[in-house]
Amino acid sequence: MNKKVRKLAIPMAVALLMQGALPASVMAASEVSVSPISAVEKIAIPAQVKVSLEDAIKLVKKNFTVPEGYTEFTSGYNSYNERQTWSLNWNSKKDAGGSFNAQVDVSTGEVIYMNCWNPISPSSQTSVPKYSYEEAKDIAQGLVNKILGDRLNQLQLVSENTQITPVIDNGYTTYSVQWKRVANGVAFPSNGVSIQVNAYDGTITGYSLTWSKESIPDLNGVISAAKAREAFAKNNLLQLQYFLNSGVRPLDSQAKDAKKDALLVYKLGNQSFSGMIDAKTGEPLKLNSGEWLYSDTALDAIGGMGGMAKSSENALAPAEQKEVDDTSKLLTQEKAIENVKKWVEIPDKLTLRSANLGFEGGLSQKRVWSFDWSTEESVDGYNYAYARVDAATGEVIGFNTYSSTPQSKSPDAIDRAAAKAIADAFIKKIQPNRVQQVEYLEVLDNGQKYPEDQPNHDFRYERIVNGVPVPDNGFSVSVERNTQKIVSYSMDFSDVNFPSVSQAMNQKQGEDTFLNKRPLELKYVQIYKNGQLSDIRLVYQPKMDNSFAVSNIMDAKTGEFLDWQGKPITEQPRPYNFGDISGSFAEEEIRLLGQAGAFGEYGDEFRPNEQVTVKSLLKSMLIAKNGVWSYQGLSDEELLKQVKELGWVKENLSLNDQVSREFQAKLAIRMLQLEKIAQIEELFQVPYEDADTFSDGSLGYISLAKGLGIMNIEGNKFESTKKMTRAEAAYALVKALQSNR
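Residues numbered from 1 in each chain as written. Predicted model: local features only at pLDDT ≥ 70, side-chain atom pairs only at ≥ 80, totals over all residues. Heavy atoms only, no water.

Points about the overall build of the protein chain
- Regarding its fold elements, the protein chain presents 17 helices and 24 strands.
- Across the 741 residues that make up the protein chain, the buried fraction comes to 45%.
- As displayed, the protein chain has an accessible area near 37,900 Å², and 48% of this comes from carbon and sulfur atoms. (Helix = DSSP H or I, 4+ residues; strand = E, 2+ residues; numbered from the N terminus. Buried < 20%, exposed > 50% of the residue type's maximum accessible area, 1.4 Å probe, protein only. Areas by Shrake-Rupley, 256 points an atom, 1.4 Å probe, with all protein chains shown as cover.)

Brief notes about empty space enclosed by the protein
- Put simply, the largest cavity is a space of about 30 Å³.
- Top element by residues in the lining of the largest cavity is helix α14 (residues 661-671). It accounts for four residues.
- Partitioned by chemical class, the residues of the lining of the largest cavity number seven nonpolar, one polar and no charged. (1 Å grid on protein atoms, 1.4 Å probe; cavity = no way out; pocket = protein on both sides within 12 Å on 5 of 7 lines; lining within 4 Å. Points joined across faces, edges and corners; volume = space filled by probe spheres on them. Nonpolar A, V, L, I, M, F, W, Y, C, P; charged D, E, K, R; others polar.)

Observations concerning the pairing of strand β9 (residues 238-243)
- Of all the six residues making up β9, five are buried; the element is thus mostly covered by neighbouring parts of the structure.
- Where β9 and strand β10 (residues 263-268) come together, six bridges link them in antiparallel fashion. Paired with Tyr 242 across the bridge in β10 is Leu 264. (Pairing = 2+ DSSP bridges.)

Brief notes about the sheet that holds strand β23 (residues 553-555)
- Strand order in the open sheet made by the four strands is β9-β10-β23-β24, with antiparallel pairing throughout. The strands lining the two open edges of the sheet, one partner per strand, are β9 and β24 (561-562).
- The pairing of β23 with β24 spans two bridges and is antiparallel. Its bridge partner being in β24, Met 554 is matched across the sheet by Phe 561.
- Against the sheet, helix α10 (residues 507-517) touches β9, β10, β23 and β24, its axis set at about 100 degrees to β9. (Contact = heavy atoms within 4.5 Å. Axes fitted to C-alpha atoms, helices over the stretch in contact; angles between N-to-C directions.)

Quick notes on the nonpolar core
- Ranked by internal contacts, the top residues of the largest apolar core, which has 66 residues, are Leu 593, Phe 599, Leu 618, Ile 710 and Met 711.
- Mapped by element, the contributors of at least two residues to this core are α11 (587-595), α12 (614-626), α13 (636-645), α14, α15 (675-678), α16 (699-707) and α17 (726-739).
- The dominant element in this core, judged by the number of residues it contributes, is α17, at nine residues.
- Contacts of Leu 618, omitting those with residues within four sequence positions, involve Leu 639, Val 643, Val 649, Leu 655 and Leu 667.
- Val 66, Trp 90, Ile 112 and Ile 195 belong to the second largest nonpolar core, which has 39 residues in total. (Core = buried A, V, L, I, M, F, W, Y, C linked by side-chain atoms within 4.5 Å.)

Some words on the sheet that holds strand β20 (residues 486-492)
- Overall, antiparallel pairing links the eight strands, which are arranged β13-β14-β15-β16-β20-β19-β18-β17 in an open sheet. Looking at which strands have only one partner, the edges of the open sheet turn out to be β13 (351-359) and β17 (438-440). Sheet twist, expressed as the average angle between the axes of neighbouring strands with direction ignored, equals 20 degrees.
- Inspection of the sheet shows strand β18 (residues 456-465) paired to strand β19 (residues 468-480) by 10 bridges, in the antiparallel sense. Bridged to Val 465 within β19 is Val 468.
- On the sheet, helix α8 (residues 333-340) packs against β13, β14 (367-374), β15 (383-390) and β16 (396-403) and is oriented at approximately 70 degrees with respect to β14.

What about the packing of α14 against α16?
- Between α14 and α16, the shortest axis-to-axis distance is 9 Å and the interhelical angle comes to 75 degrees. In terms of axis orientation, α14 runs roughly perpendicular to α16. Residues Glu 662, Ala 665, Lys 666, Ile 669 and Arg 670 of α14 form the contact with α16, whose participating residues are Tyr 701, Ile 702, Leu 704 and Ala 705.
- For the contact of α14 with α16, the residue count by class is six nonpolar, no polar and three charged. (Parallel < 35°, antiparallel > 145°, perpendicular 65-115°, else oblique.)

Examining helix α2 (residues 53-63)
- The complete set of buried residues in α2 reads Leu 53, Ala 56, Ile 57, Val 60 and Asn 63. Viewed end-on, α2 has its buried residues packed into an arc of 145 degrees, placing them on one side of the element. Those residues of α2 that are exposed and angled more than 90 degrees off the buried face are Lys 58 and Lys 62.
- Turning to α2, the residues buried within the fold contact β1 (72-80), β2 (83-91), β3 (99-105), β4 (111-117) and α3 (133-147). (Arc of directions from axis to C-beta.)

A short note on the pattern of salt bridges
- According to the stated counting rule, one finds 29 salt bridges in the structure shown.
- Residue Arg 151 is joined to Glu 110 by a salt bridge in which the shortest nitrogen-to-oxygen separation is 2.1 Å. Placement of Arg 151 in the loop between α3 and β5 (155-157) and of Glu 110 in the loop between β3 and β4 is noted, with a sequence separation of 41 residues between them.
- Linked through salt bridges whose partners overlap, the residues forming this network are Lys 650, Glu 651, Arg 670 and Glu 675. (Salt bridge = Lys/Arg side-chain N within 4 Å of Asp/Glu carboxyl O.)

Here's the deal with the packing of aromatic side chains
- This structure, assessed with the given rule, holds 26 aromatic pairs.
- Between Trp 343 and Phe 426, the ring centres sit 5.9 Å apart and the planes meet at 85 degrees, which makes this aromatic pair edge-to-face. One end of the pair, Trp 343, is in the loop between α8 and β13; the other, Phe 426, is in helix α9 (residues 416-430), with 83 residues separating them in the sequence.
- With relative accessibility at 26%, the residue Trp 343 sits in the partly exposed group.
- One cation-aromatic arrangement involves Arg 726 over Phe 606; the distance from NZ or CZ to the ring centre is 4.8 Å. (Phe/Tyr/Trp six-rings, centres within 6.5 Å; stacked < 30°, edge-to-face > 60°. Lys NZ or Arg CZ within 6 Å of the ring centre and 35° of its normal.)

Let's talk about the packing of helix α4 (residues 225-234) against α10
- Contact geometry of α4 with α10 gives a least axis separation of 11 Å together with a crossing angle of 135 degrees. Taken together, α4 and α10 sit at an angle that is classed as oblique. Classified by chirality, the crossing of α10 by α4 is right-handed. Judged by residue contacts, Arg 229, Phe 232 and Ala 233 of α4 engage Glu 511, Asp 512, Leu 515 and Asn 516 from α10.
- In the contact of α4 with α10, the residues fall into three nonpolar, one polar and three charged. (Left-handed = near helix turned anticlockwise from the far one by under 90°.)

Here's what the structure looks like:
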C-alpha cells in the first residue's frame, strides 16, 4: 500500500499526545545532612533490665540498616506476655514521611521485631520486580544466618508456592520468607521467624521472631500416628455437612445461580480446633475456660414519537411492574410492627427511629422489614430494640433488646438449666413447625462449655436436614437471668435445594480421602491462659502447609478441596512456576507473568510454542495490568464486555481465535492508551519492508510497537497476519507494560 508518511521519532509523538495530561515530575529532594545520635533518651526503667537502651540501639543498627534520613528518634519500654522490650522508633523529617521501628528483648538482647516503611517516589518506581522469590529467599537466609546462627538447626524453611507478585506495582510488593521452629524433631509452627523482602530493591522491610520461653514437652508417652487416626475417626472430627454458599464472590456472575443449591461437604468440625488430637491422651484437644489456642494458620481458621412520548414515559417496564406487584403483596409497616410486639415488649419510652423495607442479603433474597427503636441518651442510660420481619410471611426473623444500665445479679436470678427451658418453650411457640428440625448445641466451638453464670444465657440450635447438620442455620436465643425474658432471638432457615445424602461418599471414604491428602502430623501448639502465654502441648492435626491445594472443606462427592465460597480451591488464583520455559527468548517475561498468576491454562506447563488464543491473551492482560483478582470469576461474555469497555478490543471476534501480529500490536497500543497517536499515520515512517501488506489504519500501531520495543520481530518484515505464539505474546505484554514506565 502507498502511504504518505513523515519522519518523526516515536518518543516525540508520544510526548505530543501526553503533554499537559501528565502530572509534573517529582523532583528528587536535596540531600539531608544527618547527624549521629549522640545521646539516648533518659526514661525510667526497672532495675533488672540487662540490656540498656544504648545497647539495644547498637544491636539494631548492627543487624539492620536504618535509612540515613530517619533522624527523629524516640523510644519506649514495653512489657507483655511476660516479655519486656525496648521499642525503638526512627522517623523521617521529610514531608513524604517514612519510619523504621524495632523491638529488642531487654533480657536476651534479641531483636524480635523490625518494620521499615520507605515512601516510594513515582520517579523511582519500576514496572516489574527486579528480584525473584528465590533471590529474596537468599537475602532473607543471609539475615537469619547473621542473627540466628546458633539456632539454624532448630529452624525449618516453610515451602512457599502461594505468593502472587504483580507484574506492575507501586514498589511496595514484598516476598514473605518464613522459617518454623523445630524441637525434638517436631514442628512448632507458631514459633519461628518471618522476613519480608522488597521485590523491587531487595531491601529487608520486615522481621519478626517468635520464640517461646516456656518448657517444651518431650516425646515420652506420645501415641502413634495410627492411634491418632483411630481417635480422629472415633470422635467424628471430620463431619458431613451441608455447605451454604452465603455470598457472592466479587465479579462472579455464575455464583448468583449456584448459591440456590447446598453442597454436601466433609469439613473439619468445630469441636476440636480443626481436627486436633492431644498426642498424649489420644483425645480431641480440649481447653478450659479462659484458655485459647495460639493459631498459626489461615485455614482456621466473593425516545418516543410526538404525542406518544408522554404515554411511553409514564408506562412501567416489565421489571418495574413486577416490583410494584410484588411489593403490593407485602405486609404494611404497621402490621409488621404488630407482629414484632407479639413476641417482644417494646417499652413506650422507646421511639421508632427507622423503618426499612429491603432485600436481605446472602441466600434468602427475601424482603425484610427492619425496625430500630431507642431512647435519647441520658444520665439514666440508653435503651434500644431492633427487629426484623419477613415482609411476605410475617415471621419474626429476629430481635434484640439492650439497656446500658448494668444489672447486678438478683436473688431470683435463674441458672442455665432454667433459662434453657424458657428458650426451648419460646422456640416451640414462635416456630412450632421448625422446632423438630433443629438440635441443641450443648457446647461452644472447640468443645468449650457455656459459662454457667452470665447476665444473659445464650443458646444455639442447629438445623438438621436428612440427618446432616446445616451450620449457621437454625436458632439462637438469649435469656436474661434476672427478668427471665428473651432479650435476643434470631432465625435462619435458608431456602435452598438439599441434595440427597446418598450422593456423598460414606464416612470412612471421606476420612480416608481427606487424610490421604492431609495426613495427621505431630506438632507443638501453645496455649494462652488468662491473656498470657502458657503451656506448650503436643498434638496431631491434619497437615497444613502454604499450599493453594488444601483447605478444611472437601466436596463429599468428588473429594476436591473447596474454598470459602464452595468452589474448587484449585480455581483460586495462584502463581505458576512454569517448567518448560528454560532457554526461551521470553523466559524472564514468562516467569514474571507466571508469578503474577497469568497464563495458567495448563497449570505449571506454559507451552511456549503453542499459538496463543484471544481469550488467553486478554485474560492475562487483565491480570498483568490490574491484578489477578480483576479476572476472577468472569464469564467469557463478561471478559469481552470488560476489555471492550477498556477500549482494548473494537473488533468482532471469537475468544477462541488465534492472535495475529497486527492484532497484538493494536492490543498493546490500546492498553497503553496511545491509540490517538497511532491513528495519525502521517507521523510515522514505514517500519518494515512489507508495509504495503498492512491493513488500512494499522501503520501507526505497528510503528509504535516497533519504536517502543514491544514485539520480538526478527528481520525486516513484520508479517502482519502471522499468528503469535504464547511466548511471543508474553514477551509483548511485559515489554508493553515496561514501556509505560
